[in-house]
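Analysis of the macromolecular model
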Amino acid sequence: MNLLHLLDLSLIERSDVTALEFEGRALTFGEIESRSNRLARALHARGLRKGDRLGSYLANRVEVIDLYLACVKLGVIFVPINILYRGREIAHITSDAEPLLVVSSENLEALMQEAAAQSDERPSESLDGDTPAAIIYTSGTTGASKGAVLTHNNFLANAVNLVTCWRITDRDRFLLALPLFHIHALGNGLHCWLVSGCRMRLLERFDHSTARAELLDFRPTLLFGVPTVYVRLLETPPDGERRAGTVGFPLPGVSARILNEDGRDADEGELLVKGPTVFAAYWRRPDATGAAFTDGWFRTGDIASRSPDGYITLLGRKSDLIISGGYNIYPREIEELLLEQSGVREAAVCGMPDPIRGEVPVAYVVGEFDAGKLEDVCREQLASFKVPRRFVRVEMIPRTALGKVQKHLLK
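Structural notes, computed from the coordinates. As the structure is a prediction and not an experimental result, all values here were calculated from the model.

**With respect to the nonpolar core**
Counting 76 residues, the largest nonpolar core has Leu-20, Leu-54, Ile-65, Leu-176 and Trp-193 as the members making the most contacts within it. In terms of residue count, the dominant contributor to this core is helix H3 (residues 62–74) (10 residues). Residues Ile-329, Ile-334, Leu-374 and Phe-391 belong to the second largest nonpolar core, which totals 18 residues.

**Notes on helix H4 (residues 87–97)**
Residue pairs spaced three or four apart in an α-helix point in one direction, given the helix's 3.6 residues per turn. Every buried residue of H4 is accounted for by Ile-93, Asp-96 and Ala-97. The buried side chains of H4 occupy one side of the element, clustering within an arc of 90° when seen end-on. Turned more than 90 degrees from where H4 packs its buried face, Gly-87 and Arg-88 sit exposed. Buried residues in H4 make contact with strand E3 (53–57), strand E4 (77–80) and strand E6 (132–137). Of the residues trailing H4, Glu-98 is marked for its positive phi of about 50°.

**Looking at the packing of helix H6 (residues 152–165) against helix H7 (residues 183–196)**
Direction vectors running N to C along H6 and H7 enclose 65°, while the axes themselves pass 9 Å from each other. It follows from the interaxial angle that H6 and H7 lie roughly perpendicular. Pair H6 / H7 crosses with right-handed handedness. Contact residues: Phe-155, Asn-158, Ala-159, Leu-162 and Val-163 in H6; Ile-183, Gly-187, Asn-188, His-191, Cys-192 and Val-195 in H7.

**Here we look at the pairing of strand E8 (residues 173–176)**
Of the strand pairs in this sheet, E8 and strand E9 (residues 199–202) are connected by four bridges, and their pairing is parallel. By the bridge assignment, Phe-174 is partnered in E9 with Met-200. Where E8 and strand E10 (residues 222–224) come together, three bridges link them in parallel fashion. Looking at the pairing, Phe-174 lines up with Leu-222 of E10.

**Topic: the pairing of strand E15 (residues 297–306)**
The buried count for E15 comes to eight of 10 residues, which makes it a mostly enclosed element. Summarising the sheet, strand E12 (residues 268–274) and E15 pair through five bridges and their orientation is antiparallel. Residue pairing across strands places Glu-268 opposite Ser-305, the latter belonging to E15. Bridge analysis of strand E14 (residues 293–294) against E15 gives two bridges, and the strand direction is antiparallel. Bridge pairing links Thr-294 to Trp-297 in E15. As defined by bridge partners, E15 adjoins strand E16 (residues 312–317) across five bridges and the pair is classed as antiparallel. Opposite Asp-302, over in E16, you have Arg-317 as the bridge partner. What sits between the antiparallel neighbours E15 and E16 is a turn of five residues, in which Gly-310 has the positive phi angle 100°.

**Brief notes about the packing of aromatic side chains**
Centre-to-centre distance and the angle between the planes together describe a pair of aromatic rings. The full count for this structure, using the stated rule, is 11 aromatic pairs. Between Tyr-68 and Phe-78 the ring centres are 5.4 Å apart and the planes differ by 75°, which places this aromatic pair in the edge-to-face class. Remark: Phe-78 occurs in strand E4 and Tyr-68 occurs in helix H3; sequence separation between them is 10 residues. Each member of the pair, Tyr-68 together with Phe-78, is buried. Clustering of aromatic rings is evident, with ring pairs tying together Phe-279, Tyr-282, Phe-293 and Phe-298. In this arrangement the basic side chain of Lys-146 is found over the ring face of Tyr-282, its NZ or CZ atom lying 5.0 Å from the centre. A cation over an aromatic ring shows up here: Arg-243 above the ring of Tyr-311, its NZ or CZ 3.6 Å from the ring centre.

**Observations concerning H7**
Between the first and last C-alpha of H7 there are 18 Å, a value that for 14 residues agrees with the 20 Å anticipated at 1.5 Å per step. Across the 14 residues of H7, 12 count as buried, placing the element largely inside the fold. Turning to H7, its buried residues are Ala-185, Leu-186, Gly-187, Asn-188, Gly-189, Leu-190, His-191, Cys-192, Trp-193, Leu-194, Val-195 and Ser-196. Positioned one or two residues after H7, Gly-197 has a phi angle of 80°, which is positive.

**Considerations on unusual backbone geometry**
Residues other than glycine predominantly adopt negative phi, and peptide bonds predominantly adopt the trans conformation. Backbone geometry places Arg-284, a non-glycine residue, at a positive phi of 55°. In this fold, Arg-284 is placed in the loop between strand E13 (281–282) and helix H10 (286–292). A positive phi angle, near 50°, is found at Asp-295, a position not held by glycine. Among the secondary structure elements, Asp-295 is positioned in the loop between E14 and E15.

**A closer look at the sheet that holds strand E19 (residues 344–354)**
Read from one edge to the other, the open sheet built from three strands follows the order E19-E20-E21, with strand pairing classed as mixed. The two strands at the open ends of the sheet, each matched to only one other strand, are E19 and strand E21 (390–393). Each adjacent strand pair in this sheet contributes to an overall mean axis angle of 30°, direction not counted. Pairing of E19 with strand E20 (residues 358–367) involves 10 bridges; the strand directions are antiparallel. Counted as the bridge partner of Ala-348 is Tyr-364 from E20. Along the sheet, helix H11 (residues 331–339) contacts E19, E20 and E21; its crossing angle with E19, the most-contacted strand, is approximately 145°.

Definitions and cut-offs
- Residues numbered from 1 in each chain as written.
- Predicted model: local features only at pLDDT ≥ 70, side-chain atom pairs only at ≥ 80, totals over all residues.
- Heavy atoms only, no water.
- Core = buried A, V, L, I, M, F, W, Y, C linked by side-chain atoms within 4.5 Å.
- Buried < 20%, exposed > 50% of the residue type's maximum accessible area, 1.4 Å probe, protein only.
- Helix = DSSP H or I, 4+ residues; strand = E, 2+ residues; numbered from the N terminus.
- Arc of directions from axis to C-beta.
- Contact = heavy atoms within 4.5 Å.
- Axes fitted to C-alpha atoms, helices over the stretch in contact; angles between N-to-C directions.
- Parallel < 35°, antiparallel > 145°, perpendicular 65-115°, else oblique.
- Left-handed = near helix turned anticlockwise from the far one by under 90°.
- Pairing = 2+ DSSP bridges.
- Phe/Tyr/Trp six-rings, centres within 6.5 Å; stacked < 30°, edge-to-face > 60°.
- Lys NZ or Arg CZ within 6 Å of the ring centre and 35° of its normal.
- Expected span 1.5 Å × (residues − 1).

This is how it looks when you write it as structure tokens:
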């Protein structure tokens, strides 16, 4: 079985149903099927074959969906590239993945013209669950990003889980404003839409100034958003218990365990996961793959705790863990306290070398603040070994293009 067996529930079985809205026009599932078939044939005419890589350096638009589906049908591996990336970052991905073609705004029109002249009959290719579908590059918070290989089985299992657990049906209305170069919009969003057969409105990007109008106009029942959107939805209670701070339970078919520093199962430590949704390997990085997996379990690098009734809470990254005088310090706990203080806009806590304690916490803070008052607050509410030894004022906290803090640059 391959991913198309699932996607055809809509591409074929719902061919006459309106599927997608984008910039005032609407397309049926059948039209999306035809568009992607023509594009697949155009890519094949250019020499792309099963196992080849295709890079996509595009903002959200219908053609990104066409490209992705065309690649799936040909067995070509789709490599999305963040449109905020520039020369050095793009060069790393293209030199590592070695795409036969990178589609950007500069060459898209010519490619689509070639596709328009092709037959809309779906090309035939031998595909199975282990066929790679995409290479998603990590955000590179600790160094050069690695390409995670996701197979048809990975995407298939994930889509079934999400459609079932999130109870998505063809009656839903899905507003997608997140970038399709990101795994959440691509791996979760597109697949849930195509499997469920719901109606999707695609936005080029999230714009806080028009978000309210989009919500009122489209009236979505399903939304992948950002915190500024969710703030407006706080009055809606979820189905089930609301337990602040926790990420809940593993999805069906996904196993999770927590190991302490001695490699034993514990209630707090590094989170490991195993299941059909976990990526197969890092692209051309057997060393990184070997380091990331232990007996089939993927080491997430997240420090987590598990409550007696099974709720998992993420405490921070293992790489961020500060060990001071034998005590474990999770920066996230300190950062959350600092962000509660007046004048603090951003905060990041890192471990700095100390000749006596090994490491001590240091806080980097954006905003207007009094270091003495921040220290007093920390001493009142935290154990003494958790109190930052310094509060450094900075203009900004370095982040990746997707917003993840790059603490190694602060150090």
